[in-house]
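In case you want the letters, here they are:
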Amino acid sequence: MAKCIPVILLICAAAGAQQNHNQYEPATTAGAGQKLLAQFAGEWDVVKTFFPMNGKPIVTKATCKQYLIQDGKFLQSDFTFFNPDGTKSTGTGISGFDPKTNRFTTVWYDSRQTTMSIRQSDGTFDGKNIVLWSTPLDVERPGRKTVARAHLEEDGRLLLHRHFLIDEKGTERMMIELRMTRK
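Every chain is numbered on its own, with residues counted from 1 as its sequence reads. Given that the model is predicted, a residue must reach a pLDDT of at least 70 before its local features are reported, and side-chain atom pairs must reach 80 or more before they are shown or counted; all residues, however, enter totals for whole chains, interfaces and linings. No hydrogens and no water enter the side-chain calculation; it runs on all heavy atoms of the structure.

A. Highlighting the sheet that holds strand β10 (residues 172-182). Two strands pair if DSSP finds at least two bridges between them. Helix and strand assignments come from DSSP, with helices taken as H or I runs of at least 4 residues and strands as E runs of at least 2, each series counted from the N terminus. With antiparallel pairing, 10 strands are arranged side by side around a closed barrel as β1-β2-β3-β4-β5-β6-β7-β8-β9-β10. Mean inter-strand twist for the sheet, computed between neighbouring axes without regard to direction, equals 25°. The pairing of strand β3 (residues 74-82) with strand β4 (residues 88-98) spans nine bridges and is classified as antiparallel. Looking across to β4, one finds that Phe81 is bridged to Ser89. Lines fitted to C-alpha atoms define the axes, with helix axes restricted to the stretch in contact, and inter-axis angles between N-to-C directions lie between 0 and 180 degrees.

B. Structural detail: the pairing of β3. Across nine bridges, strand β2 (residues 58-69) lies against β3 in antiparallel orientation. In the strand pairing of β3, Lys61 is matched with Phe82. Counted along the chain from β2 to the antiparallel partner β3, the turn is four residues long, and its residue Gln70 has a positive phi close to 55°. Between the antiparallel neighbours β3 and β4 lie five residues, among them Gly86 with a positive phi of about 95°.

C. Quick peek at the side chain of Arg119. Looking at the secondary structure, you find Arg119 in strand β6 (residues 116-120). At 3.3 Å, the side chain of Arg119 forms a polar contact with the side chain of Ser117. Residue contacts are counted whenever heavy atoms from the two residues lie within 4.5 Å of one another. Once residues within four sequence positions are removed from consideration, Arg119 is found in contact with Phe104, Thr105, Thr106, Leu132, Trp133, Ser134, Thr135, Thr146, Ala148 and His163. Residues adjacent in sequence count toward polar contacts only when both atoms are side-chain atoms; beyond that, a polar contact is any pair of N or O atoms within 3.5 Å, and within protein one must be able to donate a hydrogen and the other to accept it.

D. View of the pairing of strand β9 (residues 158-166). Buried, partly exposed and exposed residues are distinguished by accessible area as a fraction of the type maximum, computed with a 1.4 Å probe on protein chains only: under 20%, between the cut-offs, and over 50%, respectively. Counting buried positions over the nine residues of β9 gives seven, a clear majority of the element. Summarising the sheet, strand β8 (residues 145-153) and β9 pair through nine bridges and their orientation is antiparallel. Opposite Thr146, over in β9, you have Leu165 as the bridge partner. Here β8 folds back onto β9, and the loop between the two strands holds four residues, one of which, Glu154, carries a positive phi near 50°. In the sheet, β9 pairs with β10 via nine bridges, with the strands oriented antiparallel. Paired with His161 across the bridge in β10 is Leu178. Joining the antiparallel neighbours β9 and β10 is a turn of five residues, in which Gly170 adopts a positive phi near 90°.

Structural measurements only, silent on function.
This is the structure in structure tokens:
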């Protein structure tokens with residue numbers, strides 16, 4: 001019996017810690033942003049157009065599979081890009097929406113580089129358009145200022161995702177456009 005007391009105390013402590021964690025950080029439910037993200041789920045054919053500072057746009061084909069994860073709270077986007085030189089590259093995005101703050105947050109990483117990018121909305125959401133601003137990971141070297149906008153067209157058959165570079169005067173210039181057509 002004396003040997004069982006420490007085990008019982010450990011189990012009770014673990015149950016108490018879980019109860020305290022739930023009190024500290026209560027579970028949340030999906031909100032309006034998740035309803036829009038759910039509409040993005042599916043398989044897509046992608047045309048990526050990169051607009052360099054000089055020269056002609058560079059067009060790359062891709063495929064994308066998007067699906068909800070973590071009980072429908074986040075959207076995962078898995079891309080495969082078919083580069084003009086015959087090679088492939090991949091990228092993954094994770095998008096979420098916090099109904100308490102009315103903000104979207106996205107994280108992107110890909111096989112081309114060893115960095116991650118984070119973008120976040122400003123707390124305004126009209127139910128149809130996602131607007132994401134670059135969020136620096138290193139505040140001492142914030143990097144370039146960008147904004148990305150995404151919305152559905154053609155009754156959900158086309159997902160249009162555009163990235164804009166913002167200069168020091170606040171002028172936007174499109175850098176990347178992803179035209180995603182539902183399969």
